[in-house]
Amino acid sequence: MILVLLIVGLGYWDFVNTLIVILHLDIFLGLGELLEKVVRKISGKKVSCYWQGGLAILTLILYLSAGYYNAYHVSETRYQLKTSKDLKGESIRVVQISDSHVGATFDGAGFGKHLKNIQKTNPDLVVVTGDFVDDDTTKEDMILSCQELGKLKSTYGTYVIWGNHDKGYYNSRGYSLEEIKTELEKNQITVLEDETVLIDDRFYLIGRLDRSFQERKTAEEMVKDLDPSKYMIMLDHQPNDYAAEEKTEVDLVLSGHSHGGQMIPIGITGELSGANDKTYGLEVRNKTTFIVNSGISDWAIKFKTGTFSEYGVIDIKE
């Protein structure tokens with residue numbers, strides 16, 4: 001069975017996802033054997049047919065089918081936040097897009113289809129919190145994705161920060177980080193590289209370089225000259241600088257990177273190992289609210305179990 005899965009998987013998929021399928025089959029077979037021993041001990045009888053194998057295969061199909069759906073189906077997640085700071089009587093609707101990894105679960109045209117749904121939320125501000133493209137994203141899809149993102153209309157525009165995959169680990173995809181920036185700016189999208197902008201004299205948007213950039217500023221350096229009476233939104237791709245960001249007393253930190261844990265039990269192991277301060281969702285630490293987005297797409301693994309693909313709609317009110 002495993003040999004057949006290996007041959008078929010490598011023929012239609014890739015090594016990583018084939019390995020995921022085989023590992024899960026092995027786990028479910030082991031659980032089936034354990035269940036059989038429990039049943040035998042309780043009943044005192046040994047069942048003649050090998051039902052554990054059939055149960056394992058059925059469980060594998062149902063489990064990974066749900067994971068495949070969660071990866072490819074994009075949901076909308078809403079957050080309602082309140083602040084005591086002066087927003088001049090108007091709320092701010094921020095739409096967060098993270099980890100699109102264009103080419104993983106959709107191409108440039110597919111990204112455009114998701115953006116049409118996002119447009120229906122009527123955002124005041126759109127932020128892309130890293131890993132806009134992947135190491136394998138083609139130049140054509142990169143350019144088309146920039147064009148599609150540029151069509152998105154909002155009150156204050158669209159801002160992008162870099163993730164660890166945007167610069168490319170293998171440098172073999174045929175374009176540089178600067179070329180991505182050029183295409184984004186060509187489509188009226190602002191890239192923040194350890195930069196801060198004051199928007200409408202109402203709130204700050206603070207865009208940090210990813211921690212994979214050695215030259216990035218500290219969280220404290222990013223806010224030292226800002227007016228603390230104004231609402232501050234910080235964008236940081238990887239959710240693993242919470243202690244420093246909490247000390248700055250920024251109001252909101254938006255991250256991605258973790259893909260919501262991707263697959264059970266990756267999420268909890270990431271936090272236990274210290275790779276991430278949080279895997280998914282909202283957390284409040286003193287004066288700072290942290291939100292980690294699970295990503296609108298996927299990476300090498302084509303399944304999401306225990307999480308789902310999403311974009312976030314965050315309403316901030318006085």
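What comes next is a walk through the structure. The shown structure was predicted, so the numbers you read here are calculated from the model rather than taken from an experiment.

Considerations on the overall build of the chain
Secondary structure summary: the chain contains nine helices and 12 strands in total. Projected onto its principal axes, the C-alpha coordinates of the chain cover approximately 75 × 45 × 40 Å. Counting across all 318 residues of the chain, residues that qualify as buried make up 52%. When contacts within the chain are restricted to residue pairs at least 6 apart in sequence, long-range pairs at least 24 apart make up 73% of them.

Quick look at the packing of helix H5 (residues 139-150) against helix H6 (residues 177-186)
The geometry of H5 relative to H6 is characterised by a closest axis approach of 8 Å and an angle of 30 degrees between their N-to-C directions. When the axes of H5 and H6 are compared, the pair comes out roughly parallel. The handedness of the crossing between H5 and H6 comes out as right-handed. Between H5 and H6, the residues in contact are Lys139, Met142, Ile143, Cys146 and Leu149 and Glu179, Ile180, Glu183 and Leu184, respectively. Considered class by class, the residues forming the contact of H5 with H6 number six nonpolar, no polar and three charged.

Digging into the sheet that holds strand E6 (residues 195-199)
Read across the sheet, six strands follow the order E6-E7-E8-E9-E11-E10 without closing on themselves; strand pairing throughout is mixed. At either margin of the open sheet sits one strand with a lone partner, and together these are E6 and strand E10 (281-285). The mean inter-strand angle of the sheet, taken between neighbouring strand axes irrespective of direction, is 20 degrees. Taken together, the five bridges between E6 and strand E7 (residues 203-207) define a ladder with antiparallel strand orientation. Considered in E7, the bridge of isoleucine 199 is made with phenylalanine 203.

Brief notes about a nonpolar patch on the surface
On the surface, a cluster of nonpolar side chains totalling about 720 Å² of accessible area is made up of Ile27, Leu31, Leu34, Leu35, Val38, Val39, Ile42 and Leu55. Per-element accounting of the nonpolar patch gives the leading share, seven residues, to helix H2 (residues 15-43). Position of leucine 35 among the secondary structure elements: in helix H2.

Examining H5
The end-to-end C-alpha separation of H5 is 17 Å, in line with the 16 Å expected for 12 residues at 1.5 Å each. Along H5, the residues classified as buried are Asp141, Met142, Ser145, Cys146, Glu148 and Leu149. End-on view of H5: buried residues confined to an arc of 165 degrees, all on one side of the axis. Packing partners of the buried residues in H5 comprise strand E2 (92-97), helix H4 (108-119), strand E3 (125-129), strand E4 (158-161) and H6.

Looking at the packing of H2 against helix H3 (residues 51-72)
Packing of H2 against H3 brings their axes to within 8 Å, and their N-to-C directions diverge by 135 degrees. The orientation of H2 with respect to H3, classified from their angle, is oblique. As H2 packs across H3, the resulting crossing turns out to be right-handed. Residues Val21, His24, Leu25, Phe28, Leu29, Gly32, Glu33, Leu35 and Glu36 of H2 form the contact with H3, whose participating residues are Trp51, Gln52, Gly53, Leu55, Ala56, Ile57, Thr59, Leu60, Tyr63 and Leu64.

Notes on the nonpolar core
If you look at the biggest cluster of nonpolar residues, it comprises 29 residues, and the most contacted ones within it are Ile97, Ile118, Phe132, Leu149, Trp162, Ile180 and Leu184. Filtering out sequence-adjacent residues up to four positions away, phenylalanine 132 remains in contact with Ser100, His101, Val102, Phe111, Ser145, Cys146, Leu149, Asp166, Ile180 and Leu184. Judged by nonpolar contacts, the second largest core, of 22 residues, contains Ile161, Phe203, Ile291 and Ile316.

Brief notes about the pattern of salt bridges
Counting across every chain of the model gives 17 salt bridges. One salt bridge in this structure joins glutamate 183 and lysine 186, with 3.1 Å as the shortest N-O distance. Of this pair, glutamate 183 and lysine 186 both sit in helix H6, three residues apart, which is roughly one turn of that helix. Owing to a relative accessible area of 12%, glutamate 183 belongs among the buried residues under this scheme. Given a relative accessible area of 52%, lysine 186 falls into the exposed group. When the shortest N-O distance is used, the salt bridge between arginine 208 and aspartate 236 registers 3.5 Å. One end of the pair, arginine 208, is in the loop between E7 and helix H7 (219-223); the other, aspartate 236, is in the loop between strand E8 (231-235) and helix H8 (242-248), with 28 residues separating them in the sequence. Ionic contacts of the salt-bridge type, sharing partners, join the residues Arg208, Arg216, Asp236, Asp241 and Glu245 into one network.

Here's the deal with unusual backbone geometry
Cis geometry is found at the peptide bond from isoleucine 264 to proline 265, where omega equals 5 degrees. Even without glycine at this site, aspartate 200 takes up a positive phi of about 55 degrees. Turning to its location among the elements, aspartate 200 is positioned in the loop between E6 and E7.

A few points about the side chain of asparagine 164
When you line up the elements, asparagine 164 lands in the loop between E4 and H6. There is a polar contact of 3.2 Å between the side chain of asparagine 164 and the side chain of histidine 257.

Rules and cut-offs
- For every chain, the first residue of its written sequence is number 1, and the numbers climb from 1 along that sequence.
- It should be noted that, the model being predicted, local features are given only for residues of pLDDT at least 70 and side-chain atom pairs only at 80 or more, the latter also being counted only at that level, while totals for whole chains, interfaces and linings use all residues.
- Each side-chain value is derived from all of the structure's non-hydrogen atoms; neither hydrogens nor water enter the calculation.
- By definition, any uninterrupted DSSP run of H or I lasting at least four residues is a helix, any uninterrupted run of E lasting at least two residues is a strand, and each is numbered from the N terminus.
- Relative accessibility under 20% of the residue-type maximum defines a buried residue, over 50% an exposed one, and the middle range a partly exposed one, all with a 1.4 Å probe and only protein chains included.
- Residues count as neighbours in contact if any of their non-hydrogen atoms are within 4.5 Å of one another.
- Only the contacting stretch of a helix is used when fitting its axis, a line to C-alpha atoms as for every element, and angles between N-to-C directions run 0 to 180 degrees.
- Every angle not falling under 35 degrees, over 145, or within 65 to 115 is termed oblique; those three ranges are roughly parallel, roughly antiparallel and roughly perpendicular.
- What makes a crossing left-handed is the near helix being turned counterclockwise from the far one by less than a right angle; a clockwise turn instead makes it right-handed.
- Each residue is assigned to one of three groups, with Ala, Val, Leu, Ile, Met, Phe, Trp, Tyr, Cys and Pro labelled nonpolar, Asp, Glu, Lys and Arg labelled charged, and all others, Gly among them, labelled polar.
- Pairing between strands is defined by DSSP: at least two bridges between them are needed.
- Residues forming no salt bridge and having over 30% relative accessible area are the ones grouped into patches, like charges within 9 Å of each other and nonpolar side chains (Val, Leu, Ile, Met, Phe, Trp, Tyr) within 5 Å.
- Surface accessibility in these figures is a Shrake-Rupley result with a 1.4 Å probe; residues are shielded only by whichever protein chains are displayed.
- Salt bridges are counted wherever a side-chain nitrogen of Lys or Arg sits within 4 Å of a carboxyl oxygen of Asp or Glu.
- What a helix should span is 1.5 Å times the count of its residues minus one.
- The directions considered for the arc run from the helix axis to the C-beta atoms.
- Here the nonpolar core consists of buried residues drawn from Ala, Val, Leu, Ile, Met, Phe, Trp, Tyr and Cys, with membership extended through side-chain atoms lying within 4.5 Å.
- Residues adjacent in sequence count toward polar contacts only when both atoms are side-chain atoms; beyond that, a polar contact is any pair of N or O atoms within 3.5 Å, and within protein one must be able to donate a hydrogen and the other to accept it.

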